[in-house]
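# Structural features, examined
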Number of protein chains: 2
Amino acid sequence: MEQMKILLNDEEMPRQWYNIMADMPTPMRPPLHPGTGKPVTAEDLAPIFPMNLIEQEVSTERWIDIPDEVLQKYLIWRPTPLCRARNFEKLLDAPVKIYYKMEGNSPAGSHKPNTAIPQAYYNKAFGIKRISTETGAGQWGSALSMACQMFGLECRVFMVRVSYEQKPYRRMMMHTWGAECIPSPSNLTAAGRGVLAEHPDSPGSLGIAISEAIEDAVSRDESRYSLGSVLNHVVLHQTIAGLEAHKQLEKIGVYPDVVMGCAGGGSNFAGISMPFVRDKIHGKEVRIVGAEPTSCPTMTRGPFAYDFGDLAQKTPLLPMYTLGHDFVPAPIHAGGLRYHGMAPIISHLVHEQLIEARAYHQLETFEAGVRRQRKGHSL
Amino acid sequence: MEQMKILLNDEEMPRQWYNIMADMPTPMRPPLHPGTGKPVTAEDLAPIFPMNLIEQEVSTERWIDIPDEVLQKYLIWRPTPLCRARNFEKLLDAPVKIYYKMEGNSPAGSHKPNTAIPQAYYNKAFGIKRISTETGAGQWGSALSMACQMFGLECRVFMVRVSYEQKPYRRMMMHTWGAECIPSPSNLTAAGRGVLAEHPDSPGSLGIAISEAIEDAVSRDESRYSLGSVLNHVVLHQTIAGLEAHKQLEKIGVYPDVVMGCAGGGSNFAGISMPFVRDKIHGKEVRIVGAEPTSCPTMTRGPFAYDFGDLAQKTPLLPMYTLGHDFVPAPIHAGGLRYHGMAPIISHLVHEQLIEARAYHQLETFEAGVRRQRKGHSL
């Protein structure tokens, strides 16, 4: 019988995150202060993020220790299995082996707790009492709600309105973990009120929700903002998935020809791919491919430029592939892929041609999924 | 760091199911033919089930080989992890170790594929082309839809109406796997039409839905009925979970003081507990506890008596704890626990005082769940 799953025991879970910044072949452009146009300093970011996370954001250390408190939480569901999609291979009838990293078994149901837990931990360690954030489809909001509950922090989530209405169960999860969940745009912030004045029926966007969450965080004491994707420290935390996958493939003596992931802000894709990008930088032959929606085609259609991370221009200017900070994508099902920009790390690697990008329409992906369930016998 | 998960590799998955019938300390009463009142014969059951499953239903072999085709499908997600609920232990602040068997990671999201897959396999092997069944909350219906898709069988699911309305995503899963999903009571069967004539707004019950599914199956050629719980062969297939758990605890040198499971028709509870019941029969000290809803308290309030498995009295008379085949329980959230009877194997073991039963109100279980998420830090 063929092996269908490659498992790691608790003791085999990586104890460090991998920081691609140590291996970048060319220097990345720095984020710029929106007022002065100069590179942002740690002090500029201090009202938004706790200093320990700002240090991670700018770190160039290759390996960063995962704190024991975070490891203990990861062990609730990690390491995750690397599974072989044997029946899908048969469906394709092509001489390929397909493995997928199963990140959906976390308590919140996605890869997002990989960074939600350390972010809550570092905020708590820095003395923060309350976190504000935004969420698209609700994966990030529910993960951060859980993480805040784990470390005793208050949590307020601005959820893109179209997803708030489409996905009531995600709201229920956030409430169960004791967080507030507010449809965005809302009347609670100047940014939200501004949008509603012009578009009372706005379906919302991640760019708007980020503006609301930042405004909400910086207007209070002992309160900070948290972002579930895009930033360097988020990419760092997500590498736990790729490091495990790397180890799992090594165990069975396989090295991949292609590593793929879906990309909204880039955290899932970066998580699985960074350890393989590292190999590629050091000469290994491997294709790294990011898949994004045609309705929000940042990498495949956007220019590589400095842009804001949010609608209200509260974030630093980030060097990234972007469709413009005021872009409001169609209300597709995968609400988490509706971000106007792409993580600067991913953007830089696309620009350096170390990563390829492809865009797909949601209907063709749904059709492929159903076809796989129907003919491929459920993976 | 404490071990949080005990894993088994693909090769460590059990290759046989365990049949408690071989170890029963006292003989079980036989199912009776509803017309003659005599024990049912294999021929009586032949229009309802394929003969290979009827043979399993009456088998007294202790170990029954799992076919290779079924093993290969099990390996998509099995063996499942045995996890330690460390944070829940801390919340309880009691000197206990709590382990839970994680059956929610199957492609259909529950333990139900453990029997759906072999049932579809044996029907296919016997030349059957189409299966009808019922479902409460939708776990069984979605599992059987998937299994039928795997082996190329048509599938029609009668879903208890209240759940059909409460749980639209379960319907979508069944449709995705190519099955029909029909709210019950329906106009498609005489049994359904009979109920609707008297109660046009009937929320439905598993007893009604079973009548509809049996009628639907026996009125067609090359069509059979499938039941997701209650019967001996279902209990048999579900022992894969308990056999794994037994092996996993052995690996860490732990033997449980108490084995618990929630019980609707009994398949989940029987699956985890039968290998431990076997130990108990052979002298081991262990408590086996089934938890059921106060709104459908078969084991704790029902008499142990012969009763029909369905409203329309189409099934044999089964010896079981029962609230009466016309009992319609309140529309609680856990639709799968709303069955009027209890598996004859479980019932017999309760009657023989080898198994204890407890009833809980859904609100206290929800409160405990939320408390655990809030204070117990998500398991």
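Above this text sits the structure in question.
Report follows, based on the coordinates. (Residues numbered from 1 in each chain as written. Chains lettered and ligands numbered in written order. Predicted model: local features only at pLDDT ≥ 70, side-chain atom pairs only at ≥ 80, totals over all residues. Heavy atoms only, no water.)

## Re the overall build of chain A
The number of helices and strands found in chain A is 15 helices and 14 strands. Compactness check: chain A gives a C-alpha radius of gyration of 20 Å against a globular reference of 21 Å for 379 residues, within 12% of the reference. With respect to the three principal axes, the spread of C-alpha positions in chain A is 60 × 40 × 40 Å. Expressed as a percentage of the 379 residues in chain A, the buried residues total 59%. For chain A, the proportion of contacts with a sequence separation of at least 24, taken over those separated by at least 6, is 73%. (Helix = DSSP H or I, 4+ residues; strand = E, 2+ residues; numbered from the N terminus. Rg over C-alpha atoms; globule rule 2.2 N^0.38 Å. Buried < 20%, exposed > 50% of the residue type's maximum accessible area, 1.4 Å probe, protein only. Contact = heavy atoms within 4.5 Å.)

## With respect to the relation of the copies chain A and chain B
Two copies of one chain are present, and they are related through a rotation about an axis combined with an axial shift. Of the two same-sequence chains, chain A is brought onto chain B (RMSD 0.0 Å, axial shift 0.0 Å) by a rotation of 180 degrees. Between the two chains, the operation in question is that of a two-fold axis. Relative to the rotation axis, the C-alpha of A:Asn105 is the closest in chain A, positioned 3.3 Å from it. Comparing interface residues between copies, 100% of those in chain A also sit at the interface in chain B, which points to an isologous, same-surface contact. (Least-squares fit on C-alpha atoms with pLDDT ≥ 70 in both.)

## Here we look at the sheet that holds strand E8 (residues 180–184) of chain B
Residue and element names in this part refer to chain B. The sheet built from four strands is open, its strands ordered E8-E7-E6-E9 with parallel pairing. Because the sheet does not close on itself, it has two edges, and the strands there are E8 and strand E9 (223–225). In this sheet, neighbouring strand axes are inclined to one another by 20 degrees on average, regardless of whether the strands run parallel or antiparallel. Alignment of strand E7 (residues 154–160) against E8, held across five bridges, turns out to be parallel. Along E8, the bridge assignment pairs Phe158 with Ile182. Helix-sheet contacts for helix H10 (residues 206–218) involve strand E6 (130–135), E7, E8 and E9, and the interaxial angle to E6 is about 170 degrees. (Pairing = 2+ DSSP bridges. Axes fitted to C-alpha atoms, helices over the stretch in contact; angles between N-to-C directions.)

## Observations regarding H10(B)
All names here are of chain B. The end-to-end C-alpha distance of H10, which contains 13 residues, comes to 18 Å, matching closely the 18 Å that a straight helix rising 1.5 Å per residue would cover. The buried fraction of H10 is high, at 12 of 13 residues. Among the residues of H10, Leu206, Gly207, Ile208, Ala209, Ile210, Ser211, Glu212, Ala213, Ile214, Glu215, Asp216 and Ala217 are the ones counted as buried. Packing partners of the buried residues in H10 comprise E6, E7, E8, helix H9 (190–198) and E9. (Expected span 1.5 Å × (residues − 1).)

## Concerning the interface of chain A and chain B
Each partner contributes residues to the interface: chain A has 38 residues there, and chain B has 38 residues. Carbon and sulfur atoms make up 51% of the area that chain A and chain B hide from each other, which totals about 3200 Å². Along the contact surface separating chain A from chain B lie two salt bridges. Residues B:Asp10 and A:Lys5 are paired through a salt bridge, measuring 3.1 Å at the closest nitrogen-oxygen approach. Connecting chain A to chain B are 10 residue pairs in polar contact (both at pLDDT 80 or more). Put simply, the parts of the chain that give the side of chain A that touches chain B at least two residues each are helix H3 (68–74), helix H6 (139–151), helix H8 (168–176) and helix H15 (362–375) of chain A. For the side of chain A that touches chain B, the residue count by class is 16 nonpolar, 13 polar and nine charged. (Buried area = accessible area lost by both parts, 1.4 Å probe. Salt bridge = Lys/Arg side-chain N within 4 Å of Asp/Glu carboxyl O. Polar contact = N/O pair within 3.5 Å; in protein donor to acceptor, adjacent residues only side chain to side chain. Nonpolar A, V, L, I, M, F, W, Y, C, P; charged D, E, K, R; others polar.)

## What about the packing of aromatic side chains?
Residue and element names in this part refer to chain A. Taken as a whole and judged by the stated rule, the model has 15 aromatic pairs over all chains. Measuring from centroid to centroid gives 5.8 Å for Phe49 and Tyr225, while their planes differ by 50 degrees, and the two rings are tilted. In this pair, Phe49 sits in the loop between helix H1 (42–45) and helix H2 (51–58) while Tyr225 sits in strand E9 (residues 223–225), placing the two residues 176 residues apart along the sequence. Across the pair, Tyr225 and Phe49 agree in class, each one buried. Between Tyr121 and Phe151, the aromatic rings sit 5.8 Å apart at their centres with planes inclined by 65 degrees, giving edge-to-face as the arrangement. With Tyr121 in helix H5 (residues 113–125) and Phe151 in helix H6, this residue pair connects regions lying 30 residues apart in the sequence. Assessed through its relative accessible area of 17%, Tyr121 is described here as buried. An aromatic cluster is present here, built from Tyr121, Tyr122 and Phe151 joined pairwise through their rings. The aromatic ring of Tyr164 is capped on one face by Arg171, whose charged end is 4.1 Å from the ring centroid. (Phe/Tyr/Trp six-rings, centres within 6.5 Å; stacked < 30°, edge-to-face > 60°. Lys NZ or Arg CZ within 6 Å of the ring centre and 35° of its normal.)

## Considering a nonpolar patch on the surface
Where nonpolar side chains cluster on the molecular surface, the patch consists of A:Tyr169, A:Met172, B:Tyr169 and B:Met172 and spans about 430 Å² of accessible area. Residue assignment for the nonpolar patch shows that the elements contributing at least two residues are H8 of chain A together with helix H8 (168–176) of chain B. With respect to the helices and strands, B:Tyr169 occurs in helix H8. Take B:Tyr169: its relative accessible area is 41%, and that puts it in the partly exposed class. (Patch = residues over 30% accessible without salt bridge, like charges linked within 9 Å, V, L, I, M, F, W, Y side chains within 5 Å. Areas by Shrake-Rupley, 256 points an atom, 1.4 Å probe, with all protein chains shown as cover.)

## Digging into the side chain of A:Asp307
Residues and elements named next belong to chain A. Secondary-structure assignment places Asp307 in strand E12 (residues 304–308). Although buried, Asp307 forms no salt bridge, and the nearest oppositely charged side chain, Arg29, lies 13 Å from it. Within polar-contact distance, the side chain of Asp307 engages the side chain of His325 at 2.7 Å. Leave out the neighbours within four places in its chain, and Asp307 touches Pro316, Leu317, Leu318, Met320, Thr322, Gly324, His325 and His340. (Lys, Arg positive; Asp, Glu negative; His and termini not counted.)

## Let's talk about the sheet that holds strand E14 (residues 356–360) of chain A
Residue and element names in this part refer to chain A. Taking strand neighbours across the sheet as the criterion, the three strands line up as E10-E11-E14 in an open arrangement whose pairing is parallel. In this open sheet, the two strands that pair with only one neighbour each are strand E10 (258–262) and E14. Pairs of neighbouring strands in the sheet enclose a mean axial angle of 25 degrees, with direction left out of account. Lying over the sheet, helix H12 (residues 267–281) contacts E10 and strand E11 (287–293), oriented at roughly 155 degrees with respect to E10.

## Observations regarding the pattern of salt bridges
Residues and elements named next belong to chain A. Throughout the structure, instances matching the rule amount to 34 salt bridges over all chains. Salt-bridge contacts for Arg130 lead to Asp216; the nearest nitrogen and oxygen are separated by 2.9 Å. Taken together, the residues span a long stretch of sequence, with Arg130 in strand E6 (residues 130–135) and Asp216 in helix H10 (residues 206–218) at a distance of 86 residues. The pair formed by Arg130 and Asp216 is uniform in burial state, with each residue classed as buried. A salt bridge links Glu356 to Arg287; the shortest N-O distance between them is 2.8 Å. Within this pair, whereas Glu356 is found in strand E14, its partner Arg287 is found in strand E11, the two being separated by 69 residues in sequence. Each member of the salt-bridge network shares a partner with another, and the members are Arg130, Arg156, Glu180, Asp216 and Arg220.

## Structural notes on the packing of H6(A) against H8(A)
All names here are of chain A. It is the contact of H6 with H8, at a shortest axis distance of 8 Å, that shows an interaxial angle of 15 degrees. By the criterion of interaxial angle, the relationship of H6 to H8 is roughly parallel. Here H6 runs over H8; the crossing is left-handed. For the pair formed by H6 and H8, the contact residues are Gln139, Gly141, Ser142 and Ser145 on the first element and Arg170, Met173 and Met174 on the second. In the contact of H6 with H8, the residues fall into two nonpolar, four polar and one charged. (Parallel < 35°, antiparallel > 145°, perpendicular 65-115°, else oblique. Left-handed = near helix turned anticlockwise from the far one by under 90°.)

## A word on H9(B)
Residue and element names in this part refer to chain B. The complete set of buried residues in H9 reads Ala191, Gly192, Val195 and Leu196. With its buried residues spanning 130 degrees around the axis, H9 presents them on a single face. In H9, the exposed residues that point more than 90 degrees away from the buried face are Ala197 and Glu198. (Arc of directions from axis to C-beta.)

## Brief notes about the state of the cysteines
Within the structure shown, the criterion is met by zero disulfides over all chains. No disulfide involves B:Cys83; its sulfur sits 15 Å from that of A:Cys83, the nearest cysteine. Overall, B:Cys83 belongs to the buried group, its relative accessible area being 4%. (Disulfide = S-S within 2.5 Å.)

## Describing unusual backbone geometry
Look at the link from A:Arg78 to A:Pro79: it is a cis peptide, with omega at -10 degrees. Along the chain, the position of A:Pro79 falls in the loop between H3 and strand E4 (82–84). Here the amide bond leading from A:Ser184 into A:Pro185 is cis, since omega sits at 5 degrees, within 30 degrees of zero. Turning to its location among the elements, A:Pro185 is positioned in the loop between strand E8 (180–184) and helix H9 (190–198). Positive phi is not limited to glycine here, since A:Gln353 has a value of about 60 degrees. Judged by its relative accessible area of 69%, A:Gln353 is exposed. The backbone of B:Glu222 shows a phi angle near 50 degrees, a positive value even though the residue is not glycine.

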